[in-house]
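Residues per chain, in single letters:
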Amino acid sequence: MKVTRQTNQKSEFTRMCIGEAVIALLKQTPFEKLKVSDIVKKAGVSRTTFYLYYDSPYAVLTDYLNILVAHYMPEGDDFKQTQFFTYEHILYSLQYFDAYRDFFLTLAEHKLHSVMLDGVNQFMFRYISTTRRLSVYMLTSYAGGLLNTFLKWEQDGRKDSAEEIARTIFEMYGQDDKK
């Protein structure tokens, strides 16, 4: 992935447009057959702009998820490590990512789970401090469990409420916020 330039609102908007173009194209084209020429046409940008930020369609998807994750936690939000494992935060996670279900389901349909898993793992390691070696395994288990549960919930048509799913996840991973 490229994206080494200073991020600002204009560049983020452009990158989001490119990402949304890739998602739209994936609805009719296998990932392996995506062409940069089709992406730039759909996004309304030049090839030069595409290559300014990316070296491949895979990099576009990785960056798109990074942008979504960056907006997951508002500036200045100061979570303690245990707050990630509360029922409220689990519910917030499900609801936040549900807003982008089209993106996640499209990646899953194209067997691009690595993009999603890398994104949630990077988020966990960026925002949750690991004080013990074993906590690294707990974080990756939690991130993967949350992602897989979210995907299954979406693929099943969200038949259960987000609150029910959050309670289930909380029973497995949850921690009391009073620590």
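Above this text you will find the structure in question.
What you see is a predicted model; the values in this text were computed from it and never measured. (Residues numbered from 1 in each chain as written. Predicted model: local features only at pLDDT ≥ 70, side-chain atom pairs only at ≥ 80, totals over all residues. Heavy atoms only, no water.)

Asks: What should I look at first to understand helix α1 (residues 9-26) in this one?
Replies: What sets the pattern is the α-helix's 3.6 residues per turn: residues three or four places apart point alike. Between its first and last C-alpha, α1 extends 26 Å over 18 residues, near the 26 Å set by a 1.5 Å rise per residue. Within α1, the full set of buried residues consists of Ser11, Thr14, Arg15, Met16, Ile18, Gly19, Ala21, Val22, Ile23, Leu25 and Leu26. (Helix = DSSP H or I, 4+ residues; strand = E, 2+ residues; numbered from the N terminus. Expected span 1.5 Å × (residues − 1). Buried < 20%, exposed > 50% of the residue type's maximum accessible area, 1.4 Å probe, protein only.)

Asks: Honestly, the packing of helix α5 (residues 87-98) against helix α9 (residues 162-173) in this entry has me stumped. Any pointers?
Replies: Any two packed helices are characterised by the angle at which their axes cross and by the distance between the axes. α9 packs onto α5 with a crossing angle of 130° between their chain directions and a minimal axis gap of 9 Å. In terms of orientation, α5 lies oblique with respect to α9. Crossing angle aside, the handedness with which α5 passes α9 is right-handed. Taking contact as the criterion, the partners of Tyr87, Ile90, Leu91, Leu94 and Gln95 in α5 are, on α9, Ala162, Glu163, Ile165, Ala166, Arg167, Ile169 and Phe170. Split by residue class, the contact of α5 with α9 holds nine nonpolar, one polar and two charged. (Axes fitted to C-alpha atoms, helices over the stretch in contact; angles between N-to-C directions. Parallel < 35°, antiparallel > 145°, perpendicular 65-115°, else oblique. Left-handed = near helix turned anticlockwise from the far one by under 90°. Contact = heavy atoms within 4.5 Å. Nonpolar A, V, L, I, M, F, W, Y, C, P; charged D, E, K, R; others polar.)

Asks: Explain the packing of aromatic side chains to me, please; I cannot follow it from the model alone.
Replies: How two aromatic rings sit relative to each other is given by the distance of their centres and the angle of their planes. Summed over the entire model, instances satisfying the criterion amount to 17 aromatic pairs. Here the aromatic rings of Tyr72 and Tyr92 are separated by 5.2 Å at their centres, their planes lie at 50°, and the arrangement is tilted. With Tyr72 in helix α4 (residues 57-72) and Tyr92 in helix α5, this residue pair connects regions lying 20 residues apart in the sequence. Residue Tyr92 is classed as partly exposed on the basis of its relative accessible area, which comes to 33%. When the ring of Tyr96 is compared with that of Tyr100, the centres are 5.4 Å apart and the planes differ by 55°; the resulting orientation is tilted. (Phe/Tyr/Trp six-rings, centres within 6.5 Å; stacked < 30°, edge-to-face > 60°.)

Asks: I'm lost on α4 in this one. Help?
Replies: Helix length check: α4, at 16 residues, gives a terminal C-alpha distance of 23 Å against a target of 22 Å (1.5 Å per residue), a fit within 8%. Regarding α4, the residues found buried are Pro57, Ala59, Val60, Leu61, Asp63, Tyr64, Leu65, Ile67, Leu68, Val69 and Tyr72.

Asks: Sorry if this is basic, but what is going on with the side chain of His110 here?
Replies: Position of His110 relative to the elements: it lies in the loop between α6 (101-109) and α7 (113-127). Assessed through its relative accessible area of 16%, His110 is described here as buried. The residues contacting His110, other than those within four sequence positions of it, are Leu26, Thr29, Pro30 and Phe31.

Asks: Please clarify how the packing of α4 against α6 should be interpreted in this entry.
Replies: Running from N to C, α4 and α6 point in directions that differ by 145°, and their axes come no closer than 12 Å. Relative to α6, α4 is oriented so that their crossing is left-handed. Of the residues in α6, those in contact with Leu61, Tyr64, Leu65 and Leu68 of α4 are Phe103, Phe104 and Leu107. Class assignment for the residues of the contact of α4 with α6 results in seven nonpolar, no polar and no charged.

Asks: Is there a simple way to explain the pattern of salt bridges in this structure?
Replies: Side chains that differ in charge, positive against negative, can pair when their charged atoms come close. Overall, the coordinates contain six salt bridges when judged by the stated rule. Two residues, Asp98 and Arg101, come together in a salt bridge whose shortest N-O distance is 2.9 Å. Since its relative accessible area comes to 15%, Asp98 is described here as buried. With a shortest N-O distance of 3.2 Å, Asp156 and Lys152 are connected by a salt bridge. Here Lys152 falls in the partly exposed class, since its relative accessible area comes to 47%. A cluster of three or more residues bridged by salt bridges with shared partners is formed by Asp98, Arg101, Glu154 and Arg158. (Salt bridge = Lys/Arg side-chain N within 4 Å of Asp/Glu carboxyl O.)

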